[in-house]
Amino acid sequence: MYTILVVLHVLVSIALIGLVLIQHGKGADAGAAFGSGASGTVFGSRGSANFLTRITAWLAGAFFLLSLALAYVVHGKSASSSVVDQAPAAVVSEPVVPAVPVQDATAPTPTPAPEAPVPSPTAPAAPAGNDSAPGSQKPTVPQ
């Protein structure tokens, strides 16, 4: 059924395009008044316009009916009513934002604590208290 409707739709479309291209526009009537040979046609001087107009109207009606029939047939074939219903659901994850503490604009900014002095490597180490303890020796400082 679907294939027959598509073939008929294509044939009616081609015939409708051909008929529209064959017809003369409103500007062609002015040329016919000055003897351009329109009176010598097969349908007479006014007969072809009436005939082609009627055939075009019938083909346009058939085109619309075939379009509706195709829409009905295609809608009856699909189980879902929308293409969106057939699409898989997308997994949306929120970006991970590191927590940054927010300071109040009216609060005073804290001053960093002073760092402890770092002993220089050439300074002698403080005595451990008891020089006779096993494993305790005074470090030698190169001079």
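Read on for a plain summary of the structure. (Residues numbered from 1 in each chain as written. Predicted model: local features only at pLDDT ≥ 70, side-chain atom pairs only at ≥ 80, totals over all residues. Heavy atoms only, no water.)

**Remarks on the environment of Leu-52**
Note that Leu-52 resides in helix α3 (residues 47–77). Linking Leu-52 and Gln-23, residues 29 residues apart in sequence, is a C-alpha distance of 7.0 Å. Apart from the residues lying within four places of it in its own chain, the contact partners of Leu-52 are Leu-19, Ile-22 and Gln-23. (Helix = DSSP H or I, 4+ residues; strand = E, 2+ residues; numbered from the N terminus. Contact = heavy atoms within 4.5 Å.)

**Quick look at the environment of Pro-142**
Inspection of the secondary structure puts Pro-142 in the segment after α4 (83–86). Taking C-alpha positions, Pro-142 is 7.9 Å from Thr-122, a pair spaced 20 residues apart along the chain.

**As for the side chain of His-9**
Mapped onto the secondary structure, His-9 falls in helix α1 (residues 2–22). Relative accessible area serves as the criterion here: at 16%, His-9 is assigned to the buried category. Side-chain polar atoms of His-9 contact the side chain of Ser-67, separated by 2.9 Å. (Buried < 20%, exposed > 50% of the residue type's maximum accessible area, 1.4 Å probe, protein only. Polar contact = N/O pair within 3.5 Å; in protein donor to acceptor, adjacent residues only side chain to side chain.)

**Here's the deal with the nonpolar core**
Counting residues in each nonpolar core, the largest one holds nine residues, listed as Leu-5, Val-12, Leu-16, Leu-19, Leu-52, Leu-59, Leu-66, Leu-70 and Val-73. Tallying contributions element by element places α3 first for this core, with five residues. Sequence-distant contacts of Leu-5, that is, excluding residues within four places in its chain, are made with Leu-66, Ala-69, Leu-70 and Val-73. (Core = buried A, V, L, I, M, F, W, Y, C linked by side-chain atoms within 4.5 Å.)

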